[in-house]
Amino acid sequence: MLTPYDILIRPLITEKNTSLMELNKYTFEVHREATKPQIKHAVETIFNVRVTKVHTMNVRGKLRRRGRSMGYTRDWKKAIVTLAEGDRIEIFGA
């Protein structure tokens, strides 16, 4: 059984995700096998906010070279969480 702290791995802070924060959407890297209801429960439990929508996507690893050897970065899962009107997550520094 995954705990809420096992489900949310880290917040993703990029230029695009920073602009999404103005629309009350926050992006996280999540556990690969976490479901949408589990992600919703984890965000609501950890940050004490109300979640209205959860969008998830699996991100495939990219091909990388180091000299002659080639390999792939790891695959991971991303979740975009939409919060209810008036709720904010302060950890992002917004």
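Not measured: the values here are computed from a predicted model.

Conventions used here
Residues numbered from 1 in each chain as written. Predicted model: local features only at pLDDT ≥ 70, side-chain atom pairs only at ≥ 80, totals over all residues. Heavy atoms only, no water. Pairing = 2+ DSSP bridges. Helix = DSSP H or I, 4+ residues; strand = E, 2+ residues; numbered from the N terminus. Axes fitted to C-alpha atoms, helices over the stretch in contact; angles between N-to-C directions. Contact = heavy atoms within 4.5 Å.

(A) Representation of the sheet that holds strand β1 (residues 8-11) in the model. Strands sit in the order β1-β2-β6-β3 across an open sheet of four strands; the sheet is antiparallel. If you trace the sheet from one side to the other, it starts and ends with β1 and β3 (51-59), each paired once. Geometrically, the sheet is characterised by an average inter-axis angle of 30° between neighbouring strands, direction not taken into account. Taken together, the three bridges between β1 and strand β2 (residues 25-30) define a ladder with antiparallel strand orientation. Residue pairing for β2: R10 is matched across the bridge by E29. Running over the sheet, helix α3 (residues 36-47) touches β1, β2, β3 and β6 (76-83) and is turned about 120° from β3.

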